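Architecture at a glance
The primary structure of each chain is shown beneath.
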Amino acid sequence: MDPRNNPQKPLEAKGGSPDPETLKRVKELFLLFAHAISATKLFPAHHASVINFQEELYDKLTKFLEEHEELNIGIQENAFTYEGEIAYRDENILKSLPYLFFKDGMHKLTFLRDLDKAELLAFLDVVRTVSLLPPDQHDIVESLWEKDFPHSRYYVPDEFLESRLAIHQKKALDFKIDKAQMSQGKIELTAEDREVIHQKLTARLQKEQKEAADFASLTDSLDKGDSSLIESMLSYERDISTALDFLGLIFELLYTEDRLEPFKKALSFVEKRYQEWLKKGDFTYVAISIRQMEDLAQILSLNAPERALEVEKFLKTIIDQCPLEALLEMARQGQIKDFKSFFEFLRRLGSKTLSIGAELLEDGLDPEVRSAAFEFLEEMGKDHLDLLANLAQEQKPFITKAIIAIFSHLQDQKAIPFLAKFLSYKNKDIKIEVIEALGRFSDTVAHKILLEFMREDKDEDIRTAAAEKIHLSLDKDLMNAAVHLALAKNFHAKSLREKEALLKALERGGSDEACDFLRVLLKKSGFLKKAKIEESRLCAVRSLETIATPKAVEVLRGGAGRAKKKIKSACREALERLTTGKDAGKERPS
Amino acid sequence: MTTQERASQISQKEALKIVVHLQVVLKLGKFYEPNNRILQEQMETLYSSMQTALEREDEIQIYVSQNSISLNRVRVRFDFATYHASKFLLNAFQEREIGSLIFYLGLTKEELTRFMFFLAEKEIPKEDQFEQIFSDFEAASFPHILIEKIPPAEKVETLDKAIATMYFLGIYHLKEIFEQEDEALNLNLTKRWVQSMFNHLAFDESFLFGLTNVKNFDEYTLNHSVNVCLLAIALGRRLGLSRPELMELGVSALLHDLGKLEIPKDILDKPAKLDAGERAIIETHPNLGAEKLIEQASKRGIPDRVIQVAFEHHINIDLSGYPKYVRRTSINLFSKIVKIVDYFDAITTKRVYRPKVFTREEALSLMLEKSGEEFDPLILRTFAGMIGVYPIGSLVVLNTGDMGIVVENNPLASFAHKPKVKLIADPQGNKMDGDIVDLTDLDPDTRRFKRTIITSLDADKYNIPVSDYFLLRAQ
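Owing to the predicted nature of the structure, the values given are computational and were not obtained by experimental measurement.

**Describing the overall build of chain B**
The number of helices and strands found in chain B is 17 helices and 12 strands. In terms of C-alpha radius of gyration, chain B reaches 24 Å, essentially the compact-globule figure of 23 Å for 475 residues. Viewed in the frame of its principal axes, chain B has a C-alpha envelope of about 75 × 60 × 40 Å. For chain B, the proportion of its 475 residues judged to be buried stands at 65%. Restricting to contacts in chain B with at least 6 residues of sequence separation, those with at least 24 account for 68%.

Structure follows, in structure tokens:
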């Protein structure tokens, strides 16, 4: 029997039975102990039942320990005892608390006074963790030993381990040393050794004169330098991620293993580990393992094509079999710790993961996640514009607008037809975004689409926005079409804002065609809608002033001579501003 | 109010300070007169630390259990720097069968000084140690000090047999692991064995170090792996590894050579020099071991570090050795530890292919020459400190002409060359069942050491079965 399992000494039972009052309290403590464990298995740590049982156990246990110094728990197969009396019984082996301790050889468990709450909770957590594992995969003694709790002790006789270890032993363990023989005979030193001894003895005698003189070094019992170096070394080693370290090792192992079968086995282990990380949402390691395997495949392809092929197969399998829906769910459940690596992983899985990026962009409450998702979509989308466009939906305005922004940012001509698709949307905000995006293109096609908006859309705001963004100067046909639009009968009936937007588009075009149109507009008159026509003519004056080419000036001069008083005066003032004062020299070359 | 009635307010730092100084004074007391300046300074520090605690706590109880020291119920935690102090005090208490020392308020410096000299100078009786010490203690009268005998449950009669049994069971357990083909490893059992070894090491490191002199029991690789495991745990403990880390280290060390199982025996045990092809086969064992563990890891939770150590234990600190790394630029801490103890145990073991067996002293010097190239210098230095100048099991010749076996190291670095020695032969070479002598014992007249080691010798050369001297204790 080994009484040295740390302080796990045999704890002698006191003589006689415990007094009924104490036994009652102990029974209550054991029951609370069992309840506290059951509650932690059923509910999360912050659940009221868990907290209540823990609090009550702590309060009653510390009170008991204050009075009794310690609580010795005897452990039987299905029962806890106190001073020889059964104080708790549970015969259901599957969930029995006494059996959990008993099966690993524990005979006694003791709690000591000064046990604090953190220690008790940590103790309960060990018991809970162990009890949740399959019986052959846990060992409560080993778990408690590792924790080394200062105010709890246990006793496990060495015989328990001996019997377990010796189960399959065929050989007897008895070793016989003949003590008598060890005192018999003589050691005959060789001449060589005798000479060495003689020489060293002479030297030693001289040295020893000094040796006894000073024992001051006894106080300098530790090398402080080494001590701090060791601390730094340990702290450095502890900071290294075991998983990363292991990934590095497995790379080396695979690189050095030139036999195909063991290579495959090791590779399947990487896959197993990879799947575990994937399941847990540890995408840092998932991404690194893929990266490493890609590197390995590349290196091996130079001189070990067979093994390189295996790695490629491995990569293909893990990519093909990746459960995309589960990934999305994981992200939604907040199980992903490192989104940067998560998106790196998605990139490696390819375009099929675009929808995950889109969903996360739509769902993500965390701005960093949204930003990472946007970057991901932008990067992946540039080669898969069609797939990206397919992700847009009128009822998902956030992602749709993001896709429009990506198209706008990419400035790829191929994106324009996809943007055109949004013409059919009813959502005004989305349409406005599309118009802005199209306006940023320097491609005629984009602006022809804008012209379509100006022409066809029923919403004045949309038409106006399109007019504000269109660049008519890109193409003569565009300009002509715009002029035609302005000359249409319904032009004067449009709102001032829309008319101004159209005229400003012509201004931006700055062409002779624009000036010709404005000349016509200045001359326009009519009995009906008089006010509206006048409004249009005043707009034309402002546009001509802005265009400020010699032709525009000429048109203004014409207006100043012929038009109605209000228009004439506007033309004169415009000309004055153009030719005199601080605005002089504003006239632009034709 | 006494400490029995309220929680102690002693901090870990305060407790450690008192215990370390108690140990220093106890050691100095053996060599110096009370008026020595160094001793007085240390006594002053001890007294003032104790006085501060006494004024607050009323009493200070220093309690020694099997492998731990508590001060007013606060278990003192020792680290690398204070490890030797715990070992020294545990020994000092246990040799005298003292279970606890209690100091009460009112203790004077004079009384403390007298008491420390009483303890330090006291020749330890061979029988009824405590009874004899207690009777002298009462006669000397220390009104504010009480000594208590180690409780029967704490007193270790002899656990040597249990330790030795567990040591051999470790070899058998490992054999079982090595022999099972597709069955999953029962790592729980392995861990329990490592845990047991740790507990035994914490209690009597010397005896277990002595057992590492058992070589070639059953198959060499098994015996060697158990020795490597013990030495690795002990070294890890010195370095300050936590219990979970020590557990992983122990399992790693035990399984580090698992790959050798796949190497043909005629190559492993070839008495002649290996040719290039055979050497290449031998050098695959780290890969084979790691792969075997990887296979097991799929069935059981084998820690990654265990696989790492199996793969890395022949890679040197400068990355020479084998296998060759292509990317990694360093090796794991556990691999560095195992590499050192593996090498030490290997070169001190007689093998058919190893014509020259190094004595433990020679092995250590050889390894120190390779520090920084093959071995991590810091860990090697710690290992050298642990093993001592004359490692346990060394056959030594004393200046008296006697021959003996080193059975226990002196925990103090400054006294590393003054271990405890079991005398086995007189100056004429006649074998004897001699006493165990402490080489720090002074001649009271000359104040010089009674005995000194002159040199160590190769025990195998004289057919001296070193391990038997240890196993005899377990019989």
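That was the structure; now back to the text.
**Let's talk about the side chain of Ser408 of chain A**
If you trace the backbone, Ser408 of chain A turns up in helix H19 (residues 397-410). Here Arg440 of chain A takes part through its side chain, which lies 2.7 Å from a polar atom of the side chain of Ser408 of chain A.

**Quick word on the interface of chain B and chain A**
Quite often, the size of an interface is put as the accessible area lost when its parts meet. Listed per partner, the contact involves 121 residues of chain B and 101 residues of chain A. The contact between chain B and chain A buries some 10300 Å² in all, and 57% of this surface belongs to carbon and sulfur atoms. For the chain B face of the interface with chain A, the top three residues by lost area are Arg73, Arg192 and Arg243 of chain B, together amounting to 7%. Where chain B packs against chain A, one counts 12 salt bridges. The interface formed by chain B and chain A contains 26 residue pairs in polar contact (both at pLDDT 80 or more). In terms of residue class, the side of chain B that touches chain A is made up of 59 nonpolar, 30 polar and 32 charged.

**Quick word on the pattern of salt bridges**
Residue and element names in this part refer to chain A. Taken as a whole, this structure holds 66 salt bridges over all chains when the rule is applied. Here Arg25 and Glu67 are joined by a salt bridge, their closest N and O atoms 2.7 Å apart. On the criterion of sequence distance, the pair formed by Arg25 in helix H1 (residues 20-42) and Glu67 in helix H2 (residues 48-68) is long-range, its members being 42 residues apart. Take Arg25: its relative accessible area is 23%, and that puts it in the partly exposed class. Exposure remark for Glu67: the relative accessible area of 48% places this residue in the partly exposed category. For the salt bridge of Glu55 with Lys117, the shortest nitrogen-to-oxygen distance reads 2.7 Å. Placement of Glu55 in helix H2 and of Lys117 in helix H4 (residues 117-132) is noted, with a sequence separation of 62 residues between them. Connected through salt bridges with shared partners, the residues Lys428, Asp459, Glu460, Asp461 and Arg497 form a single ionic network.

**Remarks on the sheet that holds strand S9 (residues 436-438) of chain B**
Residue and element names in this part refer to chain B. One open sheet accounts for 5 strands, arranged S9-S8-S7-S6-S12; its pairing is antiparallel. At either margin of the open sheet sits one strand with a lone partner, and together these are S9 and strand S12 (453-457). Pairwise comparison of adjacent strand axes, ignoring direction, gives a mean angle of 40° for this sheet. On top of the sheet, helix H17 (residues 466-474) reaches strand S7 (403-408) and strand S8 (420-425); it is set at about 55° to S7, its chief contact.

**Focus: the domain arrangement of chain A**
Each assigned domain of chain A is listed here: domain 1 (20-165) and domain 2 (507-590). Centre-to-centre, using C-alpha coordinates, domain 1 of chain A lies 96 Å away from domain 2 of chain A.

**Notes on the packing of aromatic side chains**
For the structure shown, the criterion picks out 34 aromatic pairs over all chains. With a centroid separation of 5.3 Å and 35° between ring planes, the pair formed by Phe343 of chain A and Phe376 of chain A is classed as tilted. Of this pair, Phe343 of chain A sits in helix H15 (residues 339-349) while Phe376 of chain A sits in helix H17 (residues 367-381), and the two are 33 residues apart along the sequence. The exposure class assigned to Phe376 of chain A is buried, which follows from its relative accessible area of 0%. Residues Phe103 of chain B and Phe115 of chain B carry aromatic rings whose centres are separated by 6.0 Å and whose planes lie at 80° to one another, so their mutual orientation is edge-to-face. One end of the pair, Phe103 of chain B, is in strand S4 (residues 98-104); the other, Phe115 of chain B, is in helix H4 (residues 109-121), with 12 residues separating them in the sequence.

**Observations concerning the nonpolar core**
The biggest cluster of nonpolar side chains holds 284 residues, and the ones touching the most others in it are Leu71, Phe101, Phe342 and Phe345 of chain A together with Phe383 of chain B. Judged by nonpolar contacts, the second largest core, of 49 residues, contains Tyr32, Met43, Leu54 and Ala92 of chain B.

**Topic: the environment of Leu94 of chain A**
Residue and element names in this part refer to chain A. Position of Leu94 relative to the elements: it lies in the loop between strand S3 (85-89) and helix H3 (97-102). Taking relative accessible area as the criterion, Leu94 reaches 81% and is therefore assigned exposed. Residues Leu94 and Pro134, spaced 40 residues apart in sequence, show a C-alpha to C-alpha distance of 9.8 Å.

**Remarks on the domain arrangement of chain B**
All names here are of chain B. Taken as a whole, chain B is organised into domain 1 (12-149), domain 2 (160-387) and domain 3 (395-458). Look at where the C-alpha atoms of domain 1 and domain 2 centre, and you get two points 39 Å apart. Taken together, the 6 residues of domain 1 in the interface contact 9 residues of domain 2. Around 700 Å² of area is buried between domain 1 and domain 2 when both sides are counted, 53% of it from carbon and sulfur atoms. Along the contact surface separating domain 1 from domain 2 lie 0 salt bridges. Across the contact surface, domain 1 and domain 2 share 0 residue pairs in polar contact (both at pLDDT 80 or more).

**Description of the sheet that holds S4 of chain B**
All names here are of chain B. Within the open sheet, the 5 strands sit side by side as S3-S2-S1-S4-S5. Their pairing is antiparallel. Of all strands in the sheet, those bounded by a partner on one side alone are strand S3 (74-75) and strand S5 (145-149). Inspection of the sheet shows strand S2 (residues 69-71) paired to S3 by 2 bridges, in the antiparallel sense. Counted as the bridge partner of Ser70 is Arg75 from S3. Against the sheet, helix H2 (residues 37-57) engages strand S1 (59-64) and S4, with an angle of about 110° to S1.

**Looking at H19 of chain A**
Residue and element names in this part refer to chain A. The first and last C-alpha atoms of H19 sit 20 Å apart over 14 residues, in line with the 20 Å expected at 1.5 Å per residue. Along H19, the positions that sit buried rather than exposed are Ile399, Thr400, Ala402, Ile403, Ile404, Ile406, Phe407 and Ser408. Packed against the buried residues of H19 are helix H16 (354-363), H17, helix H18 (385-390), helix H20 (415-420) and helix H21 (428-440). At the exit of H19 stands Gln411, carrying a positive phi of roughly 55°.

Cut-offs used in this document
Residues numbered from 1 in each chain as written. Chains lettered and ligands numbered in written order. Predicted model: local features only at pLDDT ≥ 70, side-chain atom pairs only at ≥ 80, totals over all residues. Heavy atoms only, no water. Helix = DSSP H or I, 4+ residues; strand = E, 2+ residues; numbered from the N terminus. Rg over C-alpha atoms; globule rule 2.2 N^0.38 Å. Buried < 20%, exposed > 50% of the residue type's maximum accessible area, 1.4 Å probe, protein only. Contact = heavy atoms within 4.5 Å. Polar contact = N/O pair within 3.5 Å; in protein donor to acceptor, adjacent residues only side chain to side chain. Buried area = accessible area lost by both parts, 1.4 Å probe. Salt bridge = Lys/Arg side-chain N within 4 Å of Asp/Glu carboxyl O. Nonpolar A, V, L, I, M, F, W, Y, C, P; charged D, E, K, R; others polar. Pairing = 2+ DSSP bridges. Axes fitted to C-alpha atoms, helices over the stretch in contact; angles between N-to-C directions. Domains from an automatic or database assignment. Phe/Tyr/Trp six-rings, centres within 6.5 Å; stacked < 30°, edge-to-face > 60°. Core = buried A, V, L, I, M, F, W, Y, C linked by side-chain atoms within 4.5 Å. Expected span 1.5 Å × (residues − 1).

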